[in-house]
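Architecture at a glance
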Amino acid sequence: MTHDGPAEVVLAPERHTIDVIPDAERYGSPRSQFTLWFGANMQITAIVDGALAVIFGADALWAIIGLLIGNLAGGAVMALHSAQGPKLGLPQMISSRAQFGVRGAILPLLLAILMYLGFAATGTVLAGQAVAKVLHVDSPKLGMVIFGLLTALIAVTGYKLIHIVGRIATVVGIVGFTYLAIRLFAEYDVTAQLGVKGFETATFLLAIGLGAGWQLTFGPYVADYSRYLPRSTSGRATFWSTFAGTVIGSQWSMTFGALIAAVASKSFMKDQVGFIGDLAGPAAVAVLIYLVIVTGKLTVNVLNAYGGFMSILTTVTAFEGRSRISTLARGLYIVGFTTVATLIAIAASADFLANFKNFVLALLMVFTPWSAINLIDYYLISKERIDIPALYDATGRYGAWNVPALACYFVGVAVQIPFLATKFYTGPVTDMLGGADISWIVGIVVTAALYYPVGKRTANPPATMIYPQDTEMARA
């Protein structure tokens, strides 16, 4: 092995997909999780997410505090998923078969695939605009196509190149965002916009929801990027590296977004990418900042394409029992996914801000119950003991469908409906609370309260972890 891992060409396509990573091919340290998630969050969509809290009514100061609370809470849940990666050596959604059944896990998976498509599409909208400005072309759609091609290239190559891009995005993001922050304070009286409005419960909870939702939607794929770490890697170290990277990166970006919205919401709402470019100053510097935008978006968009591919493959193989596919099939899956995301971006680039807010909040509704069930089962019920070979066998320990767990999941989704506050529907309880959306909190609490006693009675964890080689030795 080299310092960075097995001695293979970085541009060679990754061989593993949803199978267990063998110990001989494990490498790296938890620090890689910090740079990946910091780089993935130092990007313009996170800026937009932070700006939304102010654009929809919150004072900038309270918005920043609310976003921080949301990022801390959601980041803790997200990092607990990441800590599963080294021990299991599996993609996140494969491991969820232990809770929902080999085929039952498909139901949350279908929602995960929609999530990846949505985030990939919304990211492509903004990155496409930046690419067009770098190339000095008038068509953002051309920029979206070019960005889609770059995304597919890196996602097809896989895990090792993804982490390299994350490290590049970390350095580029720190330099670029620091420069932009200096420019923002030089051009506007930012401090005069803090504390202008009083505290409002509804908008404060919206800010918390936007921060938490941002983090929780990483949950279904975060372990995909820690699964190559050596099995002996400390779960605590993996947790804290992931947590620090994702919270610091996202809070930095969202705080910047909230401040921009406070001083120039109309200009920013009209053209997010163009505003950032104008803020950069001279044309040559603006081009560099557009490249910063593209680098950050490329990092997270590759995660979406890679995670989308993993989720599609997990769905398909639930009925076949396979754990590996050919390199050609892998490439076709990823190119197909990226093509669909790019087409959605081209068709849906209008009214971006409002659509994105509702998209994030809707995702929060369907993934908080999933996270609650996965984490309670893994840490409190199964106590980190998983029969890995059984995850690929619908007739094995976990069965095809875990009806009690699926019932808890759907109740956890349904119970949030009265508490929703979206463009399409506002629940009756939300009206009573003055428009405050606490649906995600209700979803976590109710799902946890339902699933823990149910899981204690129905779960069938092994006495110790069972890896594929353990099964092969028992048969010999």
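Residues numbered from 1 in each chain as written. Predicted model: local features only at pLDDT ≥ 70, side-chain atom pairs only at ≥ 80, totals over all residues. Heavy atoms only, no water.

**Details of the overall build of the protein chain**
Each helix and strand in the protein chain was counted, giving 19 helices and 0 strands. In terms of C-alpha radius of gyration, the protein chain reaches 22 Å, essentially the compact-globule figure of 23 Å for 476 residues. With the C-alpha coordinates aligned to their principal axes, the bounding extent of the protein chain is approximately 70 × 55 × 40 Å. Here the protein chain holds 476 residues, and 59% of them are scored as buried. For the protein chain, the proportion of contacts with a sequence separation of at least 24, taken over those separated by at least 6, is 87%. Of the roughly 17,700 Å² of accessible surface on the protein chain, a fraction of 68% belongs to carbon and sulfur atoms. A gap of 4 Å separates the mean positions of the 29 positive and 25 negative side-chain charges of the protein chain. (Helix = DSSP H or I, 4+ residues; strand = E, 2+ residues; numbered from the N terminus. Rg over C-alpha atoms; globule rule 2.2 N^0.38 Å. Buried < 20%, exposed > 50% of the residue type's maximum accessible area, 1.4 Å probe, protein only. Contact = heavy atoms within 4.5 Å. Areas by Shrake-Rupley, 256 points an atom, 1.4 Å probe, with all protein chains shown as cover. Lys, Arg positive; Asp, Glu negative; His and termini not counted. Charge placed at Lys NZ, Arg CZ, Asp CG, Glu CD.)

**A look at the nonpolar core**
In a soluble, globular protein the nonpolar side chains are often hidden away together inside. Of all hydrophobic cores here, the largest spans 119 residues; its most connected members are Trp37, Tyr225, Ile276 and Ile386. For this core, the element with the most residues is helix 13 (residues 283-317), which contributes 15 residues. For Tyr225, the residues in contact, after removing those within four places along its chain, are Gln33, Leu36, Trp37, Tyr159, Ile162, His163, Leu303, Tyr306 and Gly307. Membership of the second largest hydrophobic core comes to 10 residues, among which are Val77, Ile208, Leu216 and Ala436. (Core = buried A, V, L, I, M, F, W, Y, C linked by side-chain atoms within 4.5 Å.)

**Here's the deal with a nonpolar patch on the surface**
On the surface, a cluster of nonpolar side chains totalling about 470 Å² of accessible area is made up of Leu61, Trp62, Ile65, Ile69, Leu194 and Phe199. Structurally, Trp62 is set in helix 3 (residues 60-82). By relative accessible area, which is 31% here, Trp62 ends up partly exposed. (Patch = residues over 30% accessible without salt bridge, like charges linked within 9 Å, V, L, I, M, F, W, Y side chains within 5 Å. Salt bridge = Lys/Arg side-chain N within 4 Å of Asp/Glu carboxyl O.)

**Examining the packing of aromatic side chains**
What the rule picks out here adds up to 27 aromatic pairs. Pairing Tyr159 with Tyr228 gives two aromatic rings, centres 4.2 Å apart and planes at 35 degrees, and the pair type is tilted. In this pair, Tyr159 is assigned in helix 9 (residues 159-187) and Tyr228 in the loop between helix 10 (201-216) and helix 11 (235-270), connecting sequence segments 69 residues apart. You'll find Tyr159 and Tyr228 in the same group, each marked buried. When the ring of Trp214 is compared with that of Phe218, the centres are 6.1 Å apart and the planes differ by 85 degrees; the resulting orientation is edge-to-face. Residue classification places Phe218 among the buried residues on the basis of a relative accessible area of 4%. Taken together, Trp37, Tyr116, Phe119, Trp214, Phe218, Tyr221, Tyr225 and Tyr306 form an aromatic cluster joined through their ring pairs. (Phe/Tyr/Trp six-rings, centres within 6.5 Å; stacked < 30°, edge-to-face > 60°.)

**Considerations on the packing of helix 8 (residues 140-157) against helix 14 (residues 327-347)**
Two elements in contact, helix 8 and helix 14, have axes separated by 9 Å at closest approach and are oriented at 155 degrees. Here helix 8 is positioned roughly antiparallel relative to helix 14, judged by the angle of their axes. Relative to helix 14, helix 8 is oriented so that their crossing is right-handed. Note on element contacts: helix 14 touches helix 8 through Arg330, Gly331, Ile334, Val335, Thr338, Thr342, Ala345 and Ile346, opposite Lys141, Met144, Val145, Gly148, Thr151, Ala152, Ala155, Val156 and Thr157. Of the residues in the contact of helix 8 with helix 14, the class split is 9 nonpolar, 6 polar and 2 charged. (Axes fitted to C-alpha atoms, helices over the stretch in contact; angles between N-to-C directions. Parallel < 35°, antiparallel > 145°, perpendicular 65-115°, else oblique. Left-handed = near helix turned anticlockwise from the far one by under 90°. Nonpolar A, V, L, I, M, F, W, Y, C, P; charged D, E, K, R; others polar.)

**Description of helix 12 (residues 272-280)**
The buried fraction of helix 12 amounts to 8 of the 9 residues, a majority that puts the element mostly inside the structure. Looking only at helix 12, the buried set comprises Gln272, Val273, Gly274, Phe275, Ile276, Gly277, Leu279 and Ala280. Gly281 sits one or two residues past helix 12 and shows a positive phi near 100 degrees.

By themselves, these figures tell us nothing about what the structure is for.
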